[in-house]
Amino acid sequence: MPTTVKAYAATARDQPLTPTTIERRDVGPQDVRIDIKFAGICHSDIHTARGEWGEVAYPLVVGHEIAGTVAEIGSNVTKYAIGDRVGVGCMVNSCGECAQCLKGLQQYCLVGNVGTYAALDRDGTTTQGGYSQQVVVTENFVVRIPEGIALDAAAPLLCAGITTYSPLRHWNAGPGKKVAVVGMGGLGHMAVKLAHAMGAEVTVLSQSLKKQEDGIRLGADHYYATSDPDTFTALAGTFDLIINTVSASIDLDAHLSLLDVDGALVNVGAPPEPLPVQIFSLIGSRRTFAGSAIGSIGETQEMLDFCAEHGLGAEIEVISADKVNDAWERVLASDVRYRFVIDTASLA
Ligand code: NAP
Ligand code: ZN
C-alpha cells in the first residue's frame, strides 16, 4: 500500500502552490524511505512549475534539495540505517548501464537521468519532489549528510552546492586562480563560499552593490556591479574562470571579455531563452564557453564532506510551507538571502 503524505503542489503554471497530498511507493528491496525535514527552494523549481522549460503535468510537487532522516530501509539496503542523516538532490535514478553511468556521471546518463520531480520514473509514474513530508528513493541516489552540517543549512547543498562545486573542481579553481561568480543568489553564494574554500581569488559580479558586505563576508575578495559599465573596462581579460549563475539572459560577450587567454565561462544558470555569443568573443583569446549540470552522486558526497571539513553550509532563511509563494516572489526579485528552506514540520 502506498503511503499518503502531505505536500505543496503547483496546479497550473500561473497559479500559486497549494496544500495537497501525494502517494509515496512502498519501500522496495533497494529503497530508502526518508522523512524530509527541510527542502530548499531552487530557482529551477520556479522555471519548471511555471512551464518555462517545457510542458509539465500538474499537479506537480517540486523541490530537489532534500535533507532528512532515514525512516525505513528495504531488505537489500546496505549503505543506510534507520535514523541516518541523508540527502537527495536533483536526480533519483539513471540507467546505470550507459557509458556515462559506468563512469559514475549519472547526471549525464545517455538515456537521461530521472529528475527528482516532473520526470518519468522507471515505474511509469511522474516523480514528485521535496516540498513534502517523505520521499522513497533507491539507495544509490541517496547521500550522507555529515554530522557537522545542520540539516537545514545542508539542504541547499544538494543542488546549489553541487552545481557550483562540480564546475569549480572540473575547471581547477584553487590557489593562483582568479574566479568570478556572476549572480549572488542561491547558487552564486555557494560558489563564492566554495571557491574561497578551494583557495581561489574570488570576485562577485552582481547587478548592484546591495549585497557587497555579505559577499565579502562569505569569502569574496572583490565585488563589482555589472550595472556599472566601468566594471567591464576595469576587469577586462582578468579571470581564469567565470561561473554564471544568472537565471535570466545576460550580455555574454561583455562577460566573456573579462576572461584571460584560455579562460572559461561556465554557464550553470539555465534561462529559458537562448544566450547569443559573438564568436569573436572566443577565438581572439582561445576562450571557452561551457555548461555544466549538477554533479554526480559520488561528487555530491565529496562536496558534502568538503563542506563539513571547511565548516560550510548555505546561508538560509527557514520558512513554513504556507510562505512558499511569497518566497518564490522574493527569489524572482533577486531578494533571496541566500536560500529559502522549507521546514516540512509545518506541513503536519
Ligand atoms: P537565484 O537564487 O534566483 O539566483 C540568481 C541570481 O541571478 C539572482 O540572485 C541575481 O543575483 C541574478 N539575476 C537574476 N536575474 C537577473 C537578471 N535579469 N540580470 C542579471 N542578473 C540577474 O537562482 P538559483 O537558484 O541560484 O538558480 C540560478 C539559475 O541556475 C537558474 O536558472 C536555475 O534554474 C539554474 N540551475 C542550474 C543548475 C544546473 O545543473 N546547471 C542547477 C540548479 C539551478 P544578483 O542580485 O547578485 O545580481
Ligand atoms: Zn536546483
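Residues numbered from 1 in each chain as written. Chains lettered and ligands numbered in written order. Predicted model: local features only at pLDDT ≥ 70, side-chain atom pairs only at ≥ 80, totals over all residues. Heavy atoms only, no water.

**Quick word on the side chain of Ser 281**
Structurally, Ser 281 can be placed in helix H9 (residues 280-283). Given a relative accessible area of 12%, Ser 281 falls into the buried group. Ignoring any residue separated from it by four or fewer positions in sequence, one finds Ser 281 in contact with Asp 253, Leu 256 and Arg 287. (Helix = DSSP H or I, 4+ residues; strand = E, 2+ residues; numbered from the N terminus. Buried < 20%, exposed > 50% of the residue type's maximum accessible area, 1.4 Å probe, protein only. Contact = heavy atoms within 4.5 Å.)

**So, the sheet that holds strand E15 (residues 288-291)**
Read from one edge to the other, the open sheet built from 6 strands follows the order E12-E11-E10-E13-E14-E15, with strand pairing classed as parallel. Of all the strands in the sheet, the pair left with one neighbour each is strand E12 (222-225) and E15. Geometrically, the sheet is characterised by an average inter-axis angle of 20 degrees between neighbouring strands, direction not taken into account. Summarising the sheet, strand E10 (residues 178-182) and strand E11 (residues 201-206) pair through 5 bridges and their orientation is parallel. Residue pairing in the sheet places Val 182 in a bridge with Leu 205 of E11. Those strands touched by helix H4 (residues 160-170) are E10, strand E13 (239-244) and strand E14 (259-267), and its axis lies near 160 degrees from that of E13. (Pairing = 2+ DSSP bridges. Axes fitted to C-alpha atoms, helices over the stretch in contact; angles between N-to-C directions.)

**Some thoughts on the coordination of the zinc ion (ligand 2)**
Here the zinc ion (ligand 2) is held by the protein donor atoms Cys 42 (SG), His 64 (NE2) and Cys 159 (SG), which lie 2.0 to 2.2 Å from it. Sequence positions of the residues that donate to the zinc ion (ligand 2) give the spacing C-x21-H-x94-C. Here the residue His 64 occupies a position in the loop between helix H1 (43-49) and strand E4 (66-73), and Cys 159 occupies one in the loop between helix H3 (151-154) and H4, the gap between them amounting to 95 residues. Cys 159 gets classed as buried once you look at its relative accessible area, which sits at 5%. (Donors = N, O, S within 2.8 Å, 3.2 Å for Na, K, Ca; no water.)

**Considerations on the packing of H4 against helix H10 (residues 297-310)**
Two quantities define a packed helix pair, namely the angle between the helix axes and the distance between the axes. In the contact formed by H4 and H10, the axes pass within 10 Å of each other and the chain directions differ by 95 degrees. As the angle between them shows, H4 and H10 are arranged roughly perpendicular. In contact with Gly 161, Ile 162, Tyr 165, Ser 166 and Arg 169 of H4, H10 contributes Glu 299, Thr 300, Glu 302, Met 303 and Phe 306. Looking at side-chain class alone, the contact of H4 with H10 contains 4 nonpolar, 3 polar and 3 charged residues. (Parallel < 35°, antiparallel > 145°, perpendicular 65-115°, else oblique. Nonpolar A, V, L, I, M, F, W, Y, C, P; charged D, E, K, R; others polar.)

**Brief notes about the domain arrangement of the chain**
One can read the domain layout of the chain as domain 1 (3-159 + 295-347) and domain 2 (161-291). On the side of domain 2, 24 residues touch domain 1, which itself brings 25 residues to the contact. Summed over both partners, the interface of domain 1 with domain 2 buries about 2,200 Å², with 58% contributed by carbon and sulfur atoms. Together, Phe 306, Glu 315 and Tyr 338 form the three largest contributors to the area buried by domain 1 at its contact with domain 2, with a combined 29%. In this assembly, domain 1 and domain 2 are joined by 3 salt bridges. In this structure, Arg 169 engages Glu 302 in a salt bridge whose closest nitrogen and oxygen atoms are separated by 3.7 Å. Summed over the shared surface of domain 1 and domain 2, the number is 16 residue pairs in polar contact (both at pLDDT 80 or more). Those elements giving two or more residues to the side of domain 1 that touches domain 2 turn out to be H1 and H10. (Domains from an automatic or database assignment. Buried area = accessible area lost by both parts, 1.4 Å probe. Salt bridge = Lys/Arg side-chain N within 4 Å of Asp/Glu carboxyl O. Polar contact = N/O pair within 3.5 Å; in protein donor to acceptor, adjacent residues only side chain to side chain.)

**Quick look at the state of the cysteines**
On inspection of all chains with the given rule, the structure shows 0 disulfides. Take Cys 95: it sits in no disulfide, and the sulfur closest to it among the cysteines is that of Cys 109, at 3.8 Å. (Disulfide = S-S within 2.5 Å.)

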